[in-house]
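# Fold and geometry: a report
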Amino acid sequence: MGHIAYLSRKETFSAAHRLHSPYLTEEKNKELYGKCNNPNGHGHNYTGMVQKVPNLPVDPHTGMVMNITDLKKCMRVVLDELDHKNLDLDVPYFTSCPSTTEMLAVFIWDNMRKHLPKGKYELYEVKIHETENNVVIFRGELSSTEDVP
Ligand SMILES: Nc1nc2c(c(=O)[nH]1)N=C([C@H](O)[C@H](O)COP(=O)(O)OP(=O)(O)OP(=O)(O)O)CN2
Ligand SMILES: [Zn+2]
């Protein structure tokens, strides 16, 4: 019987952003996001943690689920699209949705899935620390509620 082990890797990136929704008026944006709606933005040192669950057990010959070096490379490809960027101006994904930590987690989830080797591993969780206190976890779950048009 094989051993099922979960694998996590932590990487950091720095980015500037402004919380602002194109679906709300200027007044509503100010009221909702407060200081985070400052027109000139602000920045964070984010920590991105990606966890994977293997479809296969720990390989008895290599002792690994997946080489963490490969997971790191894959994460860097995705996170380097965000690192030292202004999320709202430099990353096209955030022109149509606010650059909240929730949406960053979704962005990273979707892009990690594109870059990981197909079929061998499942992504289990993306966890983003925006600050020491603000943490978002996304596990690819979808609700049946309609998206904003
Ligand atoms: N649901 C969300 N709410 C908020 C988000 C978010 O991504 N999702 N983001 C922010 C801001 O970006 C903001 O920069 C957070 O900063 P702040 O509240 O100052 O951060 P801390 O919690 O670390 O600071 P405290 O000292 O604890 O206030 C706001 N909301
Ligand atoms: Zn912020």
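Okay, so let's go over this structure. Residue numbers restart at each chain and count upward from 1, following the sequence in its written direction. Think of it this way: whatever chain is written first is A, whatever ligand is written first is 1, and the rest follow in order. Per-residue local features of the predicted model are confined to residues with pLDDT of at least 70, and side-chain atom pairs are confined, for both listing and counting, to 80 or more; whole-chain, interface and lining totals are unaffected and use all residues. Side-chain figures throughout are based on the complete set of non-hydrogen atoms in the structure, without hydrogens or water.

### Focus: the coordination of the zinc ion (ligand 2)
Metal coordination here is assigned from N, O and S atoms located within 2.8 Å of the ion, or within 3.2 Å for Na, K and Ca; omission of water means that sites may look incomplete. Every protein donor of the zinc ion (ligand 2) is listed here as His17 (NE2), His42 (NE2) and His44 (NE2), and their distances to the metal cover 2.0 to 2.1 Å. Written as a sequence motif, the donor residues of the zinc ion (ligand 2) are H-x24-H-x1-H. With histidine 17 in strand 1 (residues 7–17) and histidine 42 in strand 2 (residues 42–54), the pair connects residues that are 25 residues apart, well separated along the chain. Histidine 17 sits in the buried class, given a relative accessible area of 2%. In this description a helix means any DSSP run of H or I spanning at least four residues, a strand means any run of E spanning at least two, and both kinds are numbered starting from the N terminus. For every residue, the accessible area obtained with a 1.4 Å probe (protein chains only) is divided by the maximum for its type, and the residue is called buried under 20%, exposed over 50%, and partly exposed between those limits.

### Topic: the layout of surface pockets
The way it works is a 1 Å grid over only the protein atoms, where trapped points that fit a 1.4 Å probe form a cavity and open points with protein on both sides within 12 Å along at least five of seven lines form a pocket, and then any residue with an atom within 4 Å of a point lines it. Grid points are joined across faces, edges and corners, and a volume is the space filled by probe spheres set on the points. Computed from the structure, the second largest pocket encloses a volume of approximately 220 Å³. Taken together, 18 residues form the lining of the second largest pocket, with Arg18, His20, Asn86, Asp88 and Leu89 sitting closest to its centre. Those elements that place two or more of their residues in the lining of the second largest pocket are strand 1 and helix 3 (87–90). When residue character is reported, Ala, Val, Leu, Ile, Met, Phe, Trp, Tyr, Cys and Pro are called nonpolar, Asp, Glu, Lys and Arg charged, and the others, Gly included, polar. For the lining of the second largest pocket, the class distribution of residues is seven nonpolar, nine polar and two charged.

### Some words on the site of ligand 1
As a structural note, the neighbourhood of ligand 1 is formed by 13 residues, with Lys35, Thr101, Glu102, Glu130 and Thr131 the closest of them. Residues adjacent in sequence count toward polar contacts only when both atoms are side-chain atoms; beyond that, a polar contact is any pair of N or O atoms within 3.5 Å, and within protein one must be able to donate a hydrogen and the other to accept it. In the environment of ligand 1, an oxygen atom lies 2.7 Å from a nitrogen or oxygen atom belonging to the backbone of threonine 101. Glutamate 130 is positioned such that a nitrogen or oxygen atom in its side chain is 2.8 Å from an oxygen atom of ligand 1. A total of 630 Å² of accessible area belongs to ligand 1 in isolation, and the protein chains cover 57% of it. Among the elements of the structure, strand 2 and helix 4 (101–115) are those that each provide at least two residues to the shell around ligand 1. Along the lines of polarity and charge, the residues of the shell around ligand 1 split into two nonpolar, eight polar and three charged. For this purpose, a residue is taken to be near a molecule or strand whenever a single non-hydrogen atom of the residue falls within 4 Å of it. A 1.4 Å probe and the Shrake-Rupley method give the accessible areas. Residues count as covered only by the protein chains that appear here.

### Thoughts on the environment of methionine 103
By secondary structure assignment, the location of methionine 103 is in helix 4. The spatial distance from the C-alpha of methionine 103 to the C-alpha of serine 144 is 18 Å, given a sequence separation of 41 residues. With sequence-adjacent residues up to four places away left out, methionine 103 is seen in contact with Tyr93, Phe94, Cys97 and Pro98. Here, residues are in contact when the closest pair of their heavy atoms is within 4.5 Å.

### Examining the nonpolar core
Of all hydrophobic cores here, the largest spans 31 residues; its most connected members are Leu71, Leu82, Leu87, Phe94, Ile108, Met112 and Val126. Mapped onto this core, the elements with two or more residues apiece are strand 1, strand 2, helix 2 (68–79), helix 4, strand 4 (121–129) and strand 5 (135–138). The dominant element in this core, judged by the number of residues it contributes, is helix 4, at seven residues. Residues in contact with phenylalanine 94, not counting those within four places in the same chain, are Leu82, Leu87, Asp88, Ser99, Met103, Leu104 and Phe107. Definition of nonpolar core: a set of buried residues of the types Ala, Val, Leu, Ile, Met, Phe, Trp, Tyr and Cys, connected through side-chain atoms within 4.5 Å.

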